[in-house]
Structures are given as structure tokens and as C-alpha cells.
Amino acid sequence: MLKKRMNRREFLLMGAASSSALILAACGLGAEEEETAAQAEVVEVDTGREVDEPQIIVGDVEDFALTSDEWAGAFGFVTFRLNEGRVDGEPVYFIRTDTSERAFADENGLVYVPLLNAAARGDFVNRLYLFDDERLPVLATSPADEDFISLFRIVRVSGGDDDLSSAQAVEAAASAGRVTLEETPILVNYPVVKWPGGEMAVDSARDSYLGTGQLLEPVDTAGMTVIFKLHECFPGSRYIITDTSAVPMAPMMSIPASAPSQQLMELGGTDEIWVFANGIPGSGVMGFQPAIFDSTAGAGAWSPFWNHFTWRWTDEGNARLLRSSAEGREAEAAGELELFNGTPNSHPNGFVVNCPVPILAPNTFQG
């Protein structure tokens, strides 16, 4: 198990002797928020584990492949089971990947991400109303809204038999006493793939990392599946891309914008990733080696919300394959790599990209 030196996030996971609590000390939680966070169990801070063979870590994954000879692009695919809900009275479709609470993760086949509890201090989190019967969940916002974010707080709804299909209708029913609301501490990363008036873009050429979209086929609401490109990242992760806080860049990336997710970086709810602007040609977003993530997905200090950085070799002739953040930091300290917040064009302004990891697998890129 690789130990991780905390840097600017200063993320601490601590056990309270009397409660076996998880306390996000670096996030400065107040007494009430600490009591909320204490519902999660103690985990050890680490950067992850080595994986010997591919494994699914998200329960809604139905199929995947690390590569494919059906297209030229250096990526595989992953098929998710869709979940249907309602937003503003209309159908909306989303996938489920991560959550802040261990028990909810185990019950729903999600990746447990204690770092998401950092968002408890913010007022930007979306709301997902989850009924205790067969009624479809209701989302407060979708990518059609400027304040959309894929990070939702679960609000449990009980009682009544109204056909409630909007956040406003749910809140009105609660005010009238027809239903009861329980605002839970559970936060979930549920990226939305199809919403009223829009859906995530499809890449028909399938020959490059970004192309014209991150979906390989249109959202299948009849079969209730969606197929994403599956990208490689060091160490041992295969990830998808769903949305970004960089609103002006979102159209170029062909993914939804999520301006509020920028606040996760400020609160400490992100982990770090470095992409390469030059060097060894490969499957990374800029056409060079795969990106390096600071932790393996599912580790105590990991988050699907990436604090995006770029490394550029100062002398491209000295470029070599780097496989870990430790190797990259060493090369940066030696002056071999130049660091940019976000990208060279966005520097010094960084941004967040939501990139859930549904598959762990040994890295295969050799350079």
C-alpha cells in the first residue's frame, strides 16, 4: 500500500476513539457537520493498491473492454445501466458512480469517496429527491441549468401519493404536509447523460480522445443503457469524462458545463491529475502519454472530481514515460517538467473535471 504525503489539500482521515468517526479535519467542519461526517467509518489514507487484472468497481456497469479494434481511437468502452428520473416535470437519465457514505456505497454498488464530504460546507450541491416507493427520483437541476452539478445530496421523501415530478412540486407538497422530507448527509456523484432539450454528445469518428463527444452511441432509453469511451490513467484506472467546471471549454470538450464544481477544489473535495502537453505520443487528452492521477480510484484520498494540471517537458528530447505522481513531482523539482494550472492556455486558472472510474485495470501503455 502506497502512503501519500498530503499537499495543498491537507486531507486528514482521523478516527475518534469513542465513535469510530471519519472527520474531515482539513475541511474545518463545525460541530453539526462533524456529527454528520461521523457516520462514515475510519479508512486509512493511501493512494490505492496495485491491480492484477481488470475489475468492475461500479455496480451499474454491464459491459466493458479496455481496447477495441472497432475504432481507431486509443480507448475502450464501458456500458452503464441507465437510471431514470424527473426534472421540471420531464424525463431525465443519469448514471450512478460515487457516494460519500460507506453503507450507501455498499447498498448501491457505488465507489465510496469520503473526500466528497468536503462539500458539506458548501451551498452549491444539487438535490435528488428519493422516494420510499416506486415513484421516480426527482432532480433539482440538469445540465440545461447554469447551476447544475453532478454532485447531489440525497433527500428522502416519504408519504403521500402525489405524482411529483419537479423539485418545486416536492417542496410544495412538503410545505402542505402531504409528504415528509429527510435531508440526509449522503452525497452522490450521478452524472446526467440525457435531459430535457439535450444529451451528451456522440463521437461518430471514434478516432481521438475528445473527438465530437464522450459517448460511442446515442443514449438508449429503450434498452436503458449508455456507452462511454473508457480512457487509461496511471495508476491502474480506467475513467470516463462527464462534465467540467471550465464553462468556456465545455463545448470544445463536448461535455456539459458544471460551474459550481469549481468550489469543490476550494473546499478540498478534489484530487489531482496531471496531463501531458508534449513528450511521448500516446492516448492522453493532448495526444501524449496517459494522464497521471494522484491516487487509485477507491482509495481514501481519491475523488472523481479532478483538480486539473498540465506538465510540459522543458526539453522534449529528454521525455520519458512517467507512471506515478511521485515520478512526476521529482522530474518537476529537477526542472525537467514545467507545471501549469489547468492547461498552458488557462494558466494560472485551474478547473475541475468530473471523471468517474468504473474500472480498475493494470496499465498497458508502454510508450
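What you are looking at is a predicted structure, and each value in this text was computed from that prediction instead of being measured.

Caption draft 1: Fine view of the overall build of the chain. A tally of regular secondary structure across the chain gives 6 helices and 24 strands. With 367 residues in all, the chain has 54% of them scored as buried. Contacts in the chain between residues at least 24 apart in sequence constitute 67% of all its contacts with a sequence separation of at least 6.

Caption draft 2: Fine view of the environment of D123. Here D123 is to be found in the loop between β9 (111-112) and β10 (126-131). Since its relative accessible area comes to 73%, D123 is described here as exposed. C-alpha of D123 to C-alpha of Q263: the two residues are 140 residues apart in sequence and 9.8 Å apart in space.

Caption draft 3: Representation of helix α3 (residues 167-175) in the model. Of all the residues in α3, the buried ones are A167, V170 and A173. Taken down its axis, α3 places every buried residue within 130 degrees of arc, on the same side. With respect to the buried face of α3, the exposed residues turned more than 90 degrees away are Q168 and S175. Along its buried surface, α3 packs onto β10, β11 (138-139), β12 (151-158) and β13 (180-189). G177 sits one or two positions beyond α3 and adopts a positive phi of about 80 degrees.

Caption draft 4: The arrangement of helix α6 (residues 325-333) in detail. Taken as a whole, α6 has its buried residues at S325, G328 and A331. Angularly, the buried residues of α6 cover 125 degrees about the axis, an arc narrow enough to put them on a single face. Those residues of α6 that are exposed and aimed more than 90 degrees away from the buried face are A326, E330 and A333. Looking at the residues trailing α6, positive phi occurs at G335, about 85 degrees.

Caption draft 5: Quick look at the pattern of salt bridges. For the structure shown, the criterion picks out 15 salt bridges. The residue R178 makes a salt bridge to D162 at a minimum N-O spacing of 2.8 Å. In this pair, R178 is assigned in the loop between α3 and β13 and D162 in the loop between β12 and α3, connecting sequence segments 16 residues apart. A salt bridge links K194 to E199; its shortest N-O distance comes to 2.8 Å.

Caption draft 6: Looking closely at the pairing of strand β14 (residues 192-195). In this structure, strand β7 (residues 90-94) lies alongside β14, joined through 2 bridges in antiparallel fashion. Across the sheet, the residue bridging to F94 is V192, located in β14. Here 2 bridges tie β14 to strand β15 (residues 198-199), and the two strands are oriented antiparallel to one another. Directly across from K194, in β15, lies its bridge partner E199. Hairpin connection, β14 to β15: the antiparallel pair is bridged by 2 residues, and G197 has positive phi, about 90 degrees.

Caption draft 7: Examining the pairing of strand β21 (residues 305-313) more closely. Among the 9 residues that make up β21, 8 are buried, leaving the element largely enclosed by the rest of the structure. One ladder, built from 6 bridges, connects strand β19 (residues 271-276) with β21; its direction is parallel. Its bridge partner being in β21, F276 is matched across the sheet by W311. Alignment of β21 against strand β22 (residues 337-341), held across 5 bridges, turns out to be antiparallel. Looking at the pairing, F309 lines up with N341 of β22.

Caption draft 8: Representation of the nonpolar core. Among the nonpolar cores identified, the biggest contains 71 residues, and F80, L151 and F228 are the most heavily contacted of them. Among the elements that line this core, the one with the most residues is strand β16 (residues 225-234), at 4 residues. Not counting chain neighbours up to four residues away, the residues in contact with L151 comprise L116, A119, V125, N126, L187, V188, N189, L264 and F305. Core analysis: the second largest hydrophobic core is formed by 14 residues, F276, F309, W311 and F365 among them.

Caption draft 9: Examining the environment of W311 more closely. Here W311 shows up in strand β21. Residue W311 is classed as buried on the basis of its relative accessible area of 0%. The sequence separation of W311 and A331 amounts to 20 residues, and the corresponding C-alpha distance is 9.9 Å. In this view, W311 contacts W274, V275, F276, A277, I292, S325, G328, R329, E332, L337, E338 and L339; residues no more than four positions away in its chain are not counted. A polar contact is formed between the side chain of W311 and the side chain of E332, at a distance of 3.0 Å.

Criteria and thresholds
- Residues numbered from 1 in each chain as written.
- Predicted model: local features only at pLDDT ≥ 70, side-chain atom pairs only at ≥ 80, totals over all residues.
- Heavy atoms only, no water.
- Helix = DSSP H or I, 4+ residues; strand = E, 2+ residues; numbered from the N terminus.
- Buried < 20%, exposed > 50% of the residue type's maximum accessible area, 1.4 Å probe, protein only.
- Contact = heavy atoms within 4.5 Å.
- Arc of directions from axis to C-beta.
- Salt bridge = Lys/Arg side-chain N within 4 Å of Asp/Glu carboxyl O.
- Pairing = 2+ DSSP bridges.
- Core = buried A, V, L, I, M, F, W, Y, C linked by side-chain atoms within 4.5 Å.
- Polar contact = N/O pair within 3.5 Å; in protein donor to acceptor, adjacent residues only side chain to side chain.

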